[in-house]
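Listed below, chain by chain, are the residues.
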Amino acid sequence: MFTGIDEVDWASLRHAYGSAEDVPGLLRGLASTDPAERAGALDGMYGAVHHQGIVYDSTLACVPFLLALAACEEVADRGELVELLVSIGQGHAPEAAVEGGDGCGPAGAAVRAGAELFATLVGDRDSGVRRAAAEALVRFLDQPARVLGLLRQRITVERDDRVLLALTEGLGLFVRRHPAHACDALDTLLTLGTPPYDPGLRLAALGQLAGCAPHLLPADLVPTVVELLGERSEQRRSGRSTPPEEGTSDPDSLAGRLRRLRPSDEEGALLLRTLHTALGGRVSDRIALLEGQLTSTDPADRCNAVWMAAGLFREWRADYTVPVALIGEQLGAGARPLAGAAVSDRLCDAAVSVLGELFHLAAPAADHLHALVTAHPDLWVHRWERRAPTLGGALKSLARSGDPRATPVLAQVLAQPVVPDDLGRVIVHLGRSAAPLAPALRHRLGQMPLDSPETYDRAVPLLAALTALADREAVPEVLRLVRGVADGVRLRHRIVESAVRALDVFGGGTEGVVPVLRGLLESECAGVAAGALWSVEGDASAVLPVLVRELAGADAHRRRAAAEVLARLGSSARDAVPGLARMVEAGCVWERAVGAGALWRVTGEVDGVLPVLRSAWGERPGVRGVVAACLVDMGAAGAPLHDLVEAELAAPRRHLARSGGYGGQDVLEDERLLAVCREVSAG
């Protein structure tokens, strides 16, 4: 297995953490008879040699030895080694974003050179090896007819349900990779999707058909899937299906911990995730499918449905009233706590987590959230072992939905000795219904230490809440913060900037504000201070020179802040036109959009502005909110760009939807954009 390993100059090769001289030890550890040593070696392979899917020169050097290990029947956990080889074969170089994901490039070539092994392993005595080899065979053996024959032959003799699922997934992958050879593979998938095959296998076949040949799906797809899901759940309860793999005996390794964090019915989660992903924009079908899943008698099915719903909500626009209400029902009307490892607890955790990212769209579930919050005061605050407490998920979700019933509960939380740092950021979503909290918020801000490393984390959320409430009575506490926060405090300038923005919203009429703001006109937050001074005094001559200077500075954040204030000055800011014109030519799309909007508000001229705004809209979806807000102010003058707004309102996909990741506020930002677009359209 390790012939030639000592002839490799490992010290000259690299992995994620430098020299690869430790790699021979990791490779030998993969062959150990000690489970803990094998697990540690596998951690090292994924953590350093193949870190985050990257293929280093040391990774390529490992491939022949990994192939030899996978071929040796005396080695344990060979299925995991085949999975590692598949991942390496699809990996990318350190300097590349992706390699193509289909085995192209040197990593794919290295694995493909040994792909004959996978033709053997697909019939291995170890079911874990057979399961992993199915994908490897399709991806790396460049003999389509032979690969299809091996898959179909194996299906006829395989008795392990999990391996049959992997073979079914392999058929779907085969169709996508080799469309010229797809006919026989599709015939096999159609056969697997019908009785007498196991309901789980039939679900897998339907999921693969949805991804590679949707025209072959049955017309009654949703009822069929829901019925199969019920049959599969009944088999699981009665013990007639293959039990899930347990991770309780795994060593305390990264791989073992990840296994223990998997869903209670990981196979079911994969089946439904495959189907939902393949259905893509067929949103009405997906909603109907979710409703069927969420009304299942099996809590594991409902838990999987909640997580499937999260992906749908994040990516597509639709009326989600019914599925959100059904997710609310999973909270059990507050009958059980959100803790422990039971499926019911996982279900509650999942429901709370998903509802928390919906903000006002979670309103159909608000009654259930309120019931849970009311029944479990112990869950109002989540206390962590090594970091500051945060609001409990159910209370946070209720407040983010805008439900005023959260206000009295938050008042009780505010009265506790230690207040969660994120409380202020949650209050902003309650609007004026949170006004009764203002005195307590002011008191907390007034007691804030001015020289603590935690001042930023504690003060800025409180300032956000008081700003949202436009609480002018908080001026003394805000001024105390601006005057007194100590030099050297972490993110001091951000604290002061947040405080100044609060003073901007509060406006004039309060003694002591003007001198403080004037004193900040030479600071890092000069532009923001000028904006607040304009709100208090309304004297353009006092702030315009500062803003023009900020536009000429090197800091893009400060230039944008100055442009936002100049837009408010309007025609009084004509001295800033040259600086704004430079912003319109900037490389940063955000700077161009903000500069163009300010230039229009100052000059009233649209000819040079509208093309910039149109370009920004298409270049960076995240900037569309800025452009749409400008179009609201433009009124009829912005009509040449209204086609963008109408197209956005008609688009079924959320503007921030992206593959490979998401932000916790993507849904909120998209809903805000739609609201502004509707305002443009109505105007």
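Residues numbered from 1 in each chain as written. Predicted model: local features only at pLDDT ≥ 70, side-chain atom pairs only at ≥ 80, totals over all residues. Heavy atoms only, no water.

A.B. asks: Lay out the overall build of the chain in plain terms, naming residues and giving numbers.
C.D. replies: Helix and strand counts for the chain come out as 36 helices and four strands. Within the span of the chain, comprising 683 residues, buried residues form 51% of the whole. A fraction of 65% describes how many contacts in the chain between residues 6 or more apart in sequence connect residues 24 or more apart. Total accessible area on the chain is roughly 29200 Å²; 53% of this is exposed by carbon and sulfur atoms. Of the side chains in the chain, 69 bear a positive and 88 a negative charge, and the two mean positions are spaced by 3 Å. (Helix = DSSP H or I, 4+ residues; strand = E, 2+ residues; numbered from the N terminus. Buried < 20%, exposed > 50% of the residue type's maximum accessible area, 1.4 Å probe, protein only. Contact = heavy atoms within 4.5 Å. Areas by Shrake-Rupley, 256 points an atom, 1.4 Å probe, with all protein chains shown as cover. Lys, Arg positive; Asp, Glu negative; His and termini not counted. Charge placed at Lys NZ, Arg CZ, Asp CG, Glu CD.)

A.B. asks: Tell me what's going on with the pattern of salt bridges, and back it up with residues and numbers.
C.D. replies: In this structure the tally under the stated criterion is 42 salt bridges. The partner of E135 in a salt bridge is R139, and the shortest N-O contact between them spans 2.8 Å. Of the two residues, E135 and R139 are both situated in helix α7 (residues 127-140); the distance of four residues between them amounts to about one turn of the helix. According to the relative accessible area criterion, E135 is partly exposed, its value standing at 31%. (Salt bridge = Lys/Arg side-chain N within 4 Å of Asp/Glu carboxyl O.)

A.B. asks: Describe the side chain of S233, listing the residues and the values that go with them.
C.D. replies: Relative to the assigned elements, S233 resides in helix α12 (residues 221-238). Look at S233 and you get buried, because its relative accessible area is 1%. S233 has contacts with D298 and D301, leaving out every residue within four places of it along the chain.

A.B. asks: Explain the nonpolar core to me, and be specific about the residues and the numbers.
C.D. replies: Counting 223 residues, the largest nonpolar core has L27, L66, F118, L410 and L441 as its most contacted members. Here this core gets nine residues from one element, more than from any other, and that element is helix α9 (residues 161-177). In this structure, L441 is in contact with L414, L423, I427, L462, A465, L466 and L469, ignoring residues within four places of it in sequence. (Core = buried A, V, L, I, M, F, W, Y, C linked by side-chain atoms within 4.5 Å.)

A.B. asks: Pulling in residues and values, what's your account of empty space enclosed by the protein?
C.D. replies: Inspection of every chain in the model, using the stated rule, returns one cavity of 30 Å³ or more. Counted as a void, the largest cavity has a volume near 30 Å³. Forming the boundary of the largest cavity are E169, A204, Q208, L270, L271 and T274. Looking at the lining of the largest cavity, the elements with two or more residues in it are α11 (199-212) and α14 (266-279). Broken down by element, the residue count for the lining of the largest cavity peaks at three residues, all from α14. Grouping the amino acids of the lining of the largest cavity by side-chain chemistry returns three nonpolar, two polar and one charged. (1 Å grid on protein atoms, 1.4 Å probe; cavity = no way out; pocket = protein on both sides within 12 Å on 5 of 7 lines; lining within 4 Å. Points joined across faces, edges and corners; volume = space filled by probe spheres on them. Nonpolar A, V, L, I, M, F, W, Y, C, P; charged D, E, K, R; others polar.)

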